[in-house]
Amino acid sequence: MLSNKTILVGITGGIAAYKICELIRRFKKNGANVKVVCTPNALNFVTKLTLQNLSQNEVYVEEFEVKEWKPEHISLADEADIMVIAPATANTISKIACGIADNLLTSIACAFRKKMIIAPAMNCNMWNNPGVKENIRVLKARGVEILEPESGFLACGYMGKGRLCGVDKIYDAVCEGLNYSQKLKGKKVVITSGGTIEDIDPVRYISNYSSGKMGFALASSAKQMGAEVVLITTKEIEAPYKIVKVKSALDMQKALDEEFDSSDIVIMAAAVADYRVKEVSPQKMKKGVNEELTLELVKNPDILKGLCEKKTHQCIIGFCAESENLIENAKEKITKKGCDYLIANDISRNDIGFGSEDNEVVILDKNGGMKRLEKASKSVIACQILEAVY
Ligand code: CTP
């Protein structure tokens, strides 16, 4: 997804520096070339070796360690497609705002001419300092994107605004900043994810192993492609788009019905339970004396089929989880459901699919076409699915 892109990650001396390791890992996993530049103080919080291993590149700190004829602050600034500074201290923010270039990171920032994103993190009183506020205003006015810090417990013991925003938010902002494809701009994409939960009594339920990760990856890719995203999910997640939390198949159907008419693309990545308990016990069921217990189940509506029957202009994409005869069953399912595309998923393998970070799928279309996507991270697969279907 990020291949052919060079991302310059600037790290300054704040406790949140350790969180950037995860950010670098995600950039790398999605194919980016990552160059890390640290202020000397950043190395009090995270080691050069860690950053070197994660970025699979040299980590730059000192300004005058000349290796090439071209000064590093110029070559690094020229080479990168985007620069993100996280965490950014009050000191570095203020220096960049004033054009001060007294270390490698601030020198690069001074020479940088493309999209720059800054994610500040500091004590709440520092964040509220009028000087810092003014410098933030100056940077914003110059087109630098500021990812505002969040409120909560701060490492210094204070409670207030100053905590580095989530790594997901920084990752999404960089992808958006790279503007790698805004093909879904103006489109509404509704995605379902997670396994539905069908109650038996107040303490027990029927569900399945779906982790929701494929749906999250699709939602995040659709957002990065410029879409208005609605994620209808049974899982807990915080994300920069609308989330509708549901539990059962019936809840999911109701939430979908509310979003359907105004949507352009609907992706049913959720693992919907085919059956629910006929009568949910209002009280915890007791063991009783019988050795056996029979639960009476009733069929849940086939949500996907129902949507396909009433569709007007929407592109509808289903998923298909199979443990055997993947293509054969998928072909039968796309006809039975009537959807535009079906993403066939082999759940018998434990290196892909349910719960795993990776996936390998086959995209079937209603005209009999088929496209196999090689094994890759779920975010790469999500991006490829969206590129292929719309
Ligand atoms: N689906 C749905 N409503 C259901 C069951 C499934 O909308 N009651 C959707 C799923 O979200 C998925 C697609 O239908 O997009 C296929 O789901 P899958 O579990 O593979 O197939 P089923 O239709 O449940 O058939 P079976 O379990 O017999 O394979």
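Note that the structure is predicted; figures quoted are calculated from it, not measured.

Analysis parameters
- All chains use their own residue numbering, which begins from 1 and follows the written sequence.
- Note on the predicted model: pLDDT of at least 70 is required for a residue's local features to be given, and 80 or more for side-chain atom pairs to be given and counted; whole-chain, interface and lining totals, by contrast, use all residues.
- Heavy atoms from the whole structure form the basis of all side-chain values; hydrogens and water molecules are not counted.
- Structural elements are reduced to axes, namely lines fitted to C-alpha atoms, with helices fitted over the stretch in contact, and the angle between N-to-C directions of any two is expressed from 0 to 180 degrees.
- Each helix is a run of H or I in the DSSP string that is no shorter than four residues. Each strand is a run of E no shorter than two, and both are numbered from the N terminus.
- Should an angle fall under 35 degrees it is taken as roughly parallel, and over 145 as roughly antiparallel, whereas 65 to 115 is taken as roughly perpendicular and any remaining angle as oblique.
- Put simply, a crossing is left-handed when the front helix is turned counterclockwise from the back one by less than a right angle, and right-handed when it is turned clockwise.
- Throughout, a contact is declared for two residues whenever any of their heavy atoms are within 4.5 Å.
- In the scheme used here, Gly and all other residues not listed as nonpolar or charged are polar, with Ala, Val, Leu, Ile, Met, Phe, Trp, Tyr, Cys and Pro taken as nonpolar and Asp, Glu, Lys and Arg as charged.
- Paired strands, as defined in this entry, are two strands with at least two bridges between them according to DSSP.
- Nonpolar cores are built from buried Ala, Val, Leu, Ile, Met, Phe, Trp, Tyr and Cys residues. Side-chain atoms within 4.5 Å join them into one set.
- To sort residues, take the accessible area from a 1.4 Å probe on protein chains only and compare it with the maximum for the residue type: under 20% means buried, over 50% means exposed, and anything in between is partly exposed.
- Residues are classed as near a molecule or strand on a simple rule: at least one heavy atom within 4 Å of it.
- A 3.5 Å cut-off defines polar contacts: any pair of N or O atoms within that distance qualifies, except that in protein one atom must be a possible hydrogen donor and the other a possible acceptor, and neighbouring residues in sequence count only when both atoms are side-chain atoms.
- With residues, only the protein chains shown are counted as cover, and all accessible areas are computed by Shrake-Rupley using a 1.4 Å probe.

A. Main features of the packing of helix α9 (residues 213-224) against helix α13 (residues 378-389). Here α9 crosses α13 at 55°, and the two axes come no closer than 8 Å. When the interaxial angle is binned, α9 and α13 end up oblique. Here α9 runs over α13; the crossing is right-handed. In this structure, α9 uses K213, M214, A217, L218, S221 and A222 to contact α13, whose residues at the interface are K378, S379, I381, A382, C383, I385 and L386. Of the residues that constitute the contact of α9 with α13, the class distribution is 9 nonpolar, 2 polar and 2 charged.

B. Here's a closer look at the pairing of strand β8 (residues 159-163). Summarising the sheet, strand β7 (residues 150-153) and β8 pair through 4 bridges and their orientation is antiparallel. Among the inter-strand pairings, G152 is bridged to a residue of β8, identified as G160. The loop that links β7 with its antiparallel partner β8 comprises 5 residues; one of these, G157, has a positive phi angle of about 100°.

C. Just the nonpolar core, in detail. Residues I7, I11, F27 and I170 are the most contacted members of the largest nonpolar core, which totals 36 residues. The leading source of residues in this core is helix α8 (residues 167-178), at 7 residues. If you look at the next biggest cluster of nonpolar residues, it comprises 33 residues, including I191, L218, A269 and A382.

D. Seen up close, the site of the ligand. The full set close to the ligand counts 14 residues, and M268, A270, L304, K333 and K337 are the nearest of them. Here an oxygen atom of the ligand sits 2.8 Å away from a polar atom, N or O, in the side chain of D274. The backbone of L304 places a nitrogen or oxygen atom 2.7 Å from an oxygen atom of the ligand. In isolation the ligand has 560 Å² of accessible area, and contact with the protein removes 79% of it. With 4 residues, the top contributor of residues to the shell around the ligand is strand β17 (residues 315-322). Of the residues in the shell around the ligand, the class split is 9 nonpolar, 1 polar and 4 charged.

E. The arrangement of the pairing of strand β10 (residues 198-201) in detail. Sheet topology places β10 next to strand β11 (residues 204-206); 3 bridges connect them, and they run antiparallel. Bridge pairing links D201 to R204 in β11. Taking the residues that link successive antiparallel strands as the turn, the β10-β11 hairpin has 2 residues.

The analysis is restricted to geometry; functional conclusions fall outside its scope.
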